[in-house]
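Here is what each chain is made of, one letter per residue.
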Amino acid sequence: RLRGVVALDGPSGTGKSTVSKKLAAALGATYLDTGAMYRAVTLAVLRAGIDPTEAAAVTRVARAAELGMGTDPLAPAVRLDGADAEPEIRGPEVTAAVSAVSAVPEVRRLLVAMQRELIASAIDDPGGIVVEGRDIGTVVVPDAGLKVYLTASSDARAARRTAQDASDGRESDLRSTHADVQRRDALDSGRAVAPLRQAEDAVEVDTTDLDIAGVLEQLTKLVESRG
Ligand code: C5P
């Protein structure tokens, strides 16, 4: 078991990103946002004018893309081809296309290899590393010291994403966000390679009726009890 690794998986809108960053900061840990990596490759695909469902062309773009992942939870940064890729990777175009890109097996192979390297280089840090995604506990680090699977009702998740969009200054409405959340979950859970699912040994935390502080409290207890 890799005691220094906390794996946080689950669908979007569970508060995963917010609590992962806060947990990492509280533990003095490094932080890795694997969703940002799939988003950055998707941005490269869209910039190249390529159809995100064209696996061969997507693979070529993914191989050529130069990703740089900042791992400070207080200042997470994603670079694509030498330039800051935030906030573009959070925009609606990338969000609409990312599930197709992340279903391409070669994209996953490339990014999982990069993720494992980043994790290996942080694992001996005193605070360890917090890694968030969809397949961290099942595929990327199956021997993580703690695996958490965050869930929430789809209503709660759509409401949170809409609030997040508003606070980031993006336009969105509850109905279309609800539809988008369900569409993306179906694609992420239904893909052939590394589908979104709970690892057998992951602890499930239902965040429907919890605020961020409540989720963080539960996670902190789990970290303390991991032995
Ligand atoms: O977490 P976030 O919403 O940024 O993730 C964006 C997308 O990236 C997900 O909907 C999923 O398609 C993909 N993803 C993935 N595996 C991961 C992390 C994200 O397939 N480990």
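Preceding block: the structure.
Residues numbered from 1 in each chain as written. Predicted model: local features only at pLDDT ≥ 70, side-chain atom pairs only at ≥ 80, totals over all residues. Heavy atoms only, no water.

### Points about the packing of helix 1 (residues 16-27) against helix 9 (residues 212-224)
Part 1: Between helix 1 and helix 9, the shortest axis-to-axis distance is 10 Å and the interhelical angle comes to 50°. Regarding the angle of helix 1 to helix 9, the classification is oblique. Here helix 1 runs over helix 9; the crossing is right-handed. Judged by residue contacts, Thr 18, Val 19, Lys 22, Leu 23 and Leu 27 of helix 1 engage Ile 212, Val 215, Leu 216, Leu 219, Thr 220 and Val 223 from helix 9.
Part 2: Split into classes, the residues belonging to the contact of helix 1 with helix 9 amount to eight nonpolar, two polar and one charged. (Axes fitted to C-alpha atoms, helices over the stretch in contact; angles between N-to-C directions. Helix = DSSP H or I, 4+ residues; strand = E, 2+ residues; numbered from the N terminus. Parallel < 35°, antiparallel > 145°, perpendicular 65-115°, else oblique. Left-handed = near helix turned anticlockwise from the far one by under 90°. Contact = heavy atoms within 4.5 Å. Nonpolar A, V, L, I, M, F, W, Y, C, P; charged D, E, K, R; others polar.)

### As for the pattern of salt bridges
Oppositely charged side chains can form a pair if their charged atoms are brought close together.
Part 1: In the structure shown here, the tally under the stated rule is 17 salt bridges.
Part 2: Notably, a salt bridge pairs Asp 201 with Lys 147, separated by 3.0 Å at the nearest N-O pair. Of the two residues, Asp 201 is situated in the loop between helix 8 (174-190) and strand 8 (203-206) and Lys 147 in strand 7 (residues 144-151); the sequence distance between them amounts to 54 residues.
Part 3: A salt bridge links Asp 180 to Arg 183, with the shortest nitrogen-to-oxygen separation between them at 3.2 Å. (Salt bridge = Lys/Arg side-chain N within 4 Å of Asp/Glu carboxyl O.)

### Considerations on the packing of helix 4 (residues 92-102) against helix 8
Part 1: For the pair helix 4 and helix 8, the least separation of the axes is 9 Å and the interaxial angle reads 5°. If you check the angle between helix 4 and helix 8, you find them roughly parallel. When helix 4 is examined against helix 8, the residues Thr 95, Ala 96, Val 98, Ser 99 and Ser 102 are found in contact with a partner set consisting of Asp 180, Arg 183, Arg 184, Leu 187 and Asp 188.
Part 2: Classifying every residue of the contact of helix 4 with helix 8 by side-chain character gives three nonpolar, three polar and four charged.

That is the geometry; function is a separate question.
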